[in-house]
Amino acid sequence: MTKEKYIEDLQEIRSIMSRSSRFISLSGLSGIIAGVLALVGLYLAYETVYAGQDYLSYRTARLNRAIFWQLIAIASTLIVLAIGSGILLTRRKAQRENEKLWDAQSKRLLINLFIPLLTGGVLCIILLSKGLIGLVPPITLIFYGLALINASKYTLSEIRSLGIIEVSIGLVACVFEGYSLLFWGIGFGILHIIYGVIMHLKYDA
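Residues numbered from 1 in each chain as written. Predicted model: local features only at pLDDT ≥ 70, side-chain atom pairs only at ≥ 80, totals over all residues. Heavy atoms only, no water.

## Concerning the overall build of the protein chain
Here is step 1 of the chain: Of regular secondary structure, the protein chain possesses seven helices and zero strands.
Here is step 2 of the chain: Mapped from its N terminus to its C terminus, the protein chain presents α and β elements in the order α-α-α-α-α-α-α.
Here is step 3 of the chain: Split into buried and exposed, the 205 residues of the protein chain put 39% on the buried side.
Here is step 4 of the chain: Counting only contacts in the protein chain whose residues sit at least 6 apart along the sequence, the fraction spanning at least 24 positions is 73%.
Here is step 5 of the chain: Carbon and sulfur atoms make up 69% of the accessible area of the protein chain, which amounts to about 12,400 Å² in all. (Helix = DSSP H or I, 4+ residues; strand = E, 2+ residues; numbered from the N terminus. Buried < 20%, exposed > 50% of the residue type's maximum accessible area, 1.4 Å probe, protein only. Contact = heavy atoms within 4.5 Å. Areas by Shrake-Rupley, 256 points an atom, 1.4 Å probe, with all protein chains shown as cover.)

## Structural notes on the packing of aromatic side chains
Here is step 1 of the chain: Under the definition given, this model contains two aromatic pairs.
Here is step 2 of the chain: With 5.0 Å between their ring centres and 40° between their planes, Tyr144 and Phe188 make a pair best called tilted. Of this pair, Tyr144 sits in helix H5 (residues 136-151) while Phe188 sits in helix H7 (residues 180-204), and the two are 44 residues apart along the sequence. When sorted by exposure, Tyr144 lands in the same class as Phe188, which is buried.
Here is step 3 of the chain: Seen in terms of ring centroids, Trp184 and Phe188 are 4.8 Å apart; in terms of plane orientation they differ by 35°. Their pairing is tilted. You can see Trp184 and its partner Phe188 sitting in helix H7, four residues apart, about one turn around the helix.
Here is step 4 of the chain: Classification of Trp184 by relative accessible area gives buried; the value is 19%.
Here is step 5 of the chain: Residue classification places Phe188 among the buried positions, given a relative accessible area of 11%.
Here is step 6 of the chain: Grouped by ring-pair contacts, the aromatic residues Tyr144, Trp184 and Phe188 constitute a single cluster. (Phe/Tyr/Trp six-rings, centres within 6.5 Å; stacked < 30°, edge-to-face > 60°.)

## As for the side chain of Ser152
Here is step 1 of the chain: Relative to the elements of secondary structure, Ser152 occurs in the loop between H5 and helix H6 (158-175).
Here is step 2 of the chain: For Ser152, the side chain forms a polar contact with the main-chain oxygen of Ile149, separated by 2.8 Å. (Polar contact = N/O pair within 3.5 Å; in protein donor to acceptor, adjacent residues only side chain to side chain.)

## Quick look at H6
Here is step 1 of the chain: In this model, H6 (18 residues) spans 27 Å end to end at C-alpha, consistent with the 26 Å of a helix rising 1.5 Å per residue.
Here is step 2 of the chain: Listed as buried for H6 are Glu158, Ile159, Leu162, Gly163, Glu166, Val167, Ile169, Gly170 and Ala173. (Expected span 1.5 Å × (residues − 1).)

## Looking at helix H3 (residues 65-96)
What sets the pattern is the α-helix's 3.6 residues per turn: residues three or four places apart point alike.
Here is step 1 of the chain: Over its 32 residues, H3 runs 47 Å from end to end, which matches the ideal 46 Å to within 8%, given 1.5 Å per residue.
Here is step 2 of the chain: Taken residue by residue, H3 has Ile67, Phe68, Leu71, Ile74, Leu78, Ser85, Gly86, Leu89, Thr90, Lys93 and Ala94 as its buried positions.

## Observations regarding the packing of H3 against helix H4 (residues 104-129)
Here is step 1 of the chain: Running from N to C, H3 and H4 point in directions that differ by 160°, and their axes come no closer than 10 Å. On the basis of their axis angle, the class for H3 and H4 is roughly antiparallel. For the pair H3 and H4, the sense of crossing is right-handed. In this structure, H3 contributes Phe68, Leu71 and Ile72 to the contact, and H4 contributes Ile125, Leu128 and Ser129. (Axes fitted to C-alpha atoms, helices over the stretch in contact; angles between N-to-C directions. Parallel < 35°, antiparallel > 145°, perpendicular 65-115°, else oblique. Left-handed = near helix turned anticlockwise from the far one by under 90°.)

## Concerning the environment of Phe183
Here is step 1 of the chain: Relative to the helices and strands, Phe183 is located in helix H7.
Here is step 2 of the chain: When sequence neighbours within four positions are dropped, the list of residues in contact with Phe183 reads Leu141, Ile169, Val172, Ala173 and Phe176.

## Notes on the environment of Leu123
Here is step 1 of the chain: In this structure, Leu123 sits in helix H4.
Here is step 2 of the chain: Residue Leu123 is classed as partly exposed on the basis of its relative accessible area, which comes to 30%.
Here is step 3 of the chain: Once the C-alpha coordinates of Leu123 and Phe143 are considered, the two residues, 20 residues apart in sequence, prove to be 9.8 Å apart.
Here is step 4 of the chain: Excluding residues within four positions of it along the chain, Leu123 makes contact with Ile139 and Phe143.

## What to know about the confidence of the model for the protein chain
Here is step 1 of the chain: Per-residue pLDDT for the protein chain averages 77, and the proportion of residues at 70 or more is 77%.
Here is step 2 of the chain: Taken together, the stretch residues 15-23 has pLDDT below 50 and engages in 22 contacts with residues farther than four places along the chain or on a different chain. (pLDDT = per-residue confidence, 0-100.)

## Examining the nonpolar core
Here is step 1 of the chain: Among the nonpolar cores identified, the biggest contains 21 residues, and Leu141, Leu148, Trp184 and Phe188 are the most heavily contacted of them.
Here is step 2 of the chain: Every element with two or more residues in this core is listed here: helix H2 (28-49), H4, H5, H6 and H7.
Here is step 3 of the chain: In contact with Leu148, not counting residues within four places along its chain, are Leu113, Ile159, Leu162, Gly163 and Glu166.
Here is step 4 of the chain: Val49, Leu71, Leu127 and Val136 belong to the second-largest nonpolar core, a separate cluster that totals twelve residues. (Core = buried A, V, L, I, M, F, W, Y, C linked by side-chain atoms within 4.5 Å.)

As structure tokens, then:
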């Protein structure tokens, strides 16, 4: 009994140390919602860029000032919705588990997450303004993946694996630029939904 109690105490200490050094209140449902929103955004962006063209014939991408701002508006709206739902669900999970949503670990997580994200976002705006629309989807995947990898040391280890996969998909999309929107949908849409389901079953259920 003494040995078993000793092992239980060690496991409890390890759990406390892990919680104090990592932000673990991330909600799996927020990943699912983000994936669904990404697929909606993909559809809206596709229809904006290829508006009025026959689905059965060769389609050419259009990008002028009006379309540029439409794409920015679509991206901004979906980002706000994804972040807002993520904060709401994560806050609810933190309250349920009696954990703080805003502490030193969450601050470090956000700082390490947003540095690559903001860098990639500025680069994408520059590419769009120069008409290099085909490179935007791969770049967003790559910088998003780098952001996840950079922030993973302050949260769940699965985030790092997701980041590596996102970067890999982004690099492949750079090679097959004509299919970059398809790879974008896989990386931000389908992959997020799969990740969210796994995280929900593993940590939320």
